Amino acid sequence: MAWIAAILNAHAGQAQPVAVKGFPRLPHYFSRELLGSARVVVVERVPMPPLTALGLNQFAEFEHADNSGVTYLDTYFVKRDRAHDESLHFHELIHVLQWRTLGPEGFLTAYAAGLEAFGYRDSPLEVMAYDAEAAFRQAAAIFDAEQLVADQLRHA
Ligand SMILES: [Zn+2]
């Protein structure tokens, strides 16, 4: 959490509310409150926590992956080359809701446990985000993403 606080502090000047980006579809899935409070930072490379330096060698692959996005608390980072991809913002906003619902300790505990047991892509919090992102991409029907996360976490 100290590393997260330092990273967010270091990027506070570049962080913008998601609402400022003016994406057309996100407001159909997320509340005005969320899009006004969640923040986005566009970077060349998303900052990953120094897990191996903390002795958590089982997370080396995760730490060194060149991911397109990562979320810490109510702020997420996206790579510049995908900064206009609305689906990526949707995915990271699902993580913002997970952080908010589980709380920082709860999110970190659940995320680490899922990562260790199933790997990045199949960890439960990522499956939730990827499945919701896929539904958003298909755009078959509008749904309440905040309700979806609340329901799925309740049944997790
Ligand atoms: Zn994710």
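Provided above is the structure to which this section pertains.
Report on the accompanying structure. None of these values were measured; they are calculated from a predicted model. (Residues numbered from 1 in each chain as written. Predicted model: local features only at pLDDT ≥ 70, side-chain atom pairs only at ≥ 80, totals over all residues. Heavy atoms only, no water.)

Here we look at the pattern of salt bridges
Next up, step 1: Taken as a whole and assessed by the stated rule, the structure comprises 8 salt bridges.
Next up, step 2: For the salt bridge of Arg137 with Asp85, the shortest nitrogen-to-oxygen distance reads 3.9 Å. Of this pair, Arg137 sits in helix 5 (residues 124–138) while Asp85 sits in the loop between strand 4 (75–79) and helix 4 (86–118); the two residues are 52 residues apart in sequence, bridging distant segments of the chain.
Next up, step 3: On the basis of relative accessibility, which here comes to 46%, the residue Arg137 falls in the partly exposed class.
Next up, step 4: One connected set of salt bridges, linked through shared partners, spans Arg82, Asp85, Glu133 and Arg137. (Salt bridge = Lys/Arg side-chain N within 4 Å of Asp/Glu carboxyl O. Helix = DSSP H or I, 4+ residues; strand = E, 2+ residues; numbered from the N terminus. Buried < 20%, exposed > 50% of the residue type's maximum accessible area, 1.4 Å probe, protein only.)

Section: the sheet that holds strand 2 (residues 39–43)
Next up, step 1: An order of 1-2-4-3 is seen for the 4 strands of this open sheet, with the pairing classed as mixed. What marks the edges here is a single partner per strand, and that holds for strand 1 (16–17) and strand 3 (69–72). (Pairing = 2+ DSSP bridges.)

A few points about the coordination of the zinc ion
Next up, step 1: Coordination of the zinc ion by the protein is provided by His91 (NE2), His95 (NE2), Glu126 (OE) and Glu126 (OE), with metal-donor distances spanning 2.0 to 2.6 Å.
Next up, step 2: Considering all 4 donor atoms around the zinc ion, the spread of angles at the metal, 55 to 152 degrees, places the coordination shape in the irregular class.
Next up, step 3: Going along the chain, you hit the donors of the zinc ion in the pattern H-x3-H-x30-E. Of the two residues, His91 is situated in helix 4 and Glu126 in helix 5; the sequence distance between them amounts to 35 residues. (Donors = N, O, S within 2.8 Å, 3.2 Å for Na, K, Ca; no water. Tetrahedral: all angles 85-135°; square planar, octahedral: opposite > 155°, others 65-115°.)

Topic: the nonpolar core
Next up, step 1: Counting 44 residues, the largest nonpolar core has Leu26, Phe30, Tyr72, Phe77, Phe90, Leu93 and Ile94 as the members making the most contacts within it.
Next up, step 2: Breaking this core down by element, the ones donating at least two residues are helix 1 (2–10), helix 2 (32–37), strand 2, strand 3, strand 4, helix 4, helix 5 and helix 6 (145–154).
Next up, step 3: No other element matches helix 4, which puts 10 residues into this core.
Next up, step 4: Ignoring anything within four residues of it in the chain, the contact list for Tyr72 reads Trp3, Ile4, Leu8, Pro47, Met48, Pro49, Phe77 and Trp99. (Core = buried A, V, L, I, M, F, W, Y, C linked by side-chain atoms within 4.5 Å. Contact = heavy atoms within 4.5 Å.)

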